[in-house]
Amino acid sequence: MLAKHKRQAANGQTSERESDRSERIVGENRREKEGTAMNNIFDCRILVVDDNEELVRMLRDMLLREGFRYVDTAGSCRRAMEYFRKDSRTVDLAILDINLPDGDGFTLMQKVHMISQIPLLFLSARDEDNDRLLGLGLGADDYVTKPFLPKELLLRITAVLR
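First, a word on scope: everything that follows refers to the structure included in this document. Owing to the predicted nature of the structure, the values given are computational and were not obtained by experimental measurement.

Helix and strand content of the protein chain: eight helices and seven strands. Counting every position in the protein chain, which comprises 162 residues, the buried fraction comes to 42%. Taking contacts inside the protein chain between residues at least 6 apart in sequence as the whole, the part at least 24 apart equals 65%. Here the protein chain has roughly 9,100 Å² of accessible surface; of this, 47% comes from carbon and sulfur atoms.

Dropping the structure here:
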């Protein structure tokens, strides 16, 4: 299948779905090189909740490139809650923005914690001390402000998932 994908890519025939599949294959190959100690972290399902489509795409691509196999996205509180209502076990880590079009990440986090005790990490442009303290005080596992260093975010994600 990988050979077929490479032929199609060389001819410029890759669909978005095939591209996603190849990113997962790259991620799986990277995990194989790193050994088995981290495999369960890379099998975790991550949900990124942010209404900035460009940022969400960048985060999703970065996480897949680093070896994470399952990265889903939601652009609103409503869409995020659909994931948790469907089956609270479908998400192992949520990365939440605070400013969302139909609510705020603080309230969303409280609703999520009523359904599931998964780790939650805030990724927000709100960098006031009060916002960070509120998020952590409500039970967030970490709080990262935008702009952020991608490598630092990856390290924080893996630390939360350990």
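What follows picks up the thread again.
Counting 24 residues, the largest nonpolar core has F68, L153 and I157 as its most contacted members. Elements that contribute at least two residues to this core include exactly α3 (39–42), β1 (45–49), α4 (53–65), β3 (93–96), β6 (120–124) and α8 (150–161). Top element by residues in this core is α4. It accounts for six residues. What I157 contacts, discounting residues up to four positions off in sequence, is I46, L63, F68, L93, I95 and L121. Residues M81, Y83, I118 and Y143 belong to the second largest nonpolar core, which totals 22 residues.

Criteria and cut-off values
Residues numbered from 1 in each chain as written. Predicted model: local features only at pLDDT ≥ 70, side-chain atom pairs only at ≥ 80, totals over all residues. Heavy atoms only, no water. Helix = DSSP H or I, 4+ residues; strand = E, 2+ residues; numbered from the N terminus. Buried < 20%, exposed > 50% of the residue type's maximum accessible area, 1.4 Å probe, protein only. Contact = heavy atoms within 4.5 Å. Areas by Shrake-Rupley, 256 points an atom, 1.4 Å probe, with all protein chains shown as cover. Core = buried A, V, L, I, M, F, W, Y, C linked by side-chain atoms within 4.5 Å.

Note that every value here comes from positions in space, so none of it alone points to a role or purpose.
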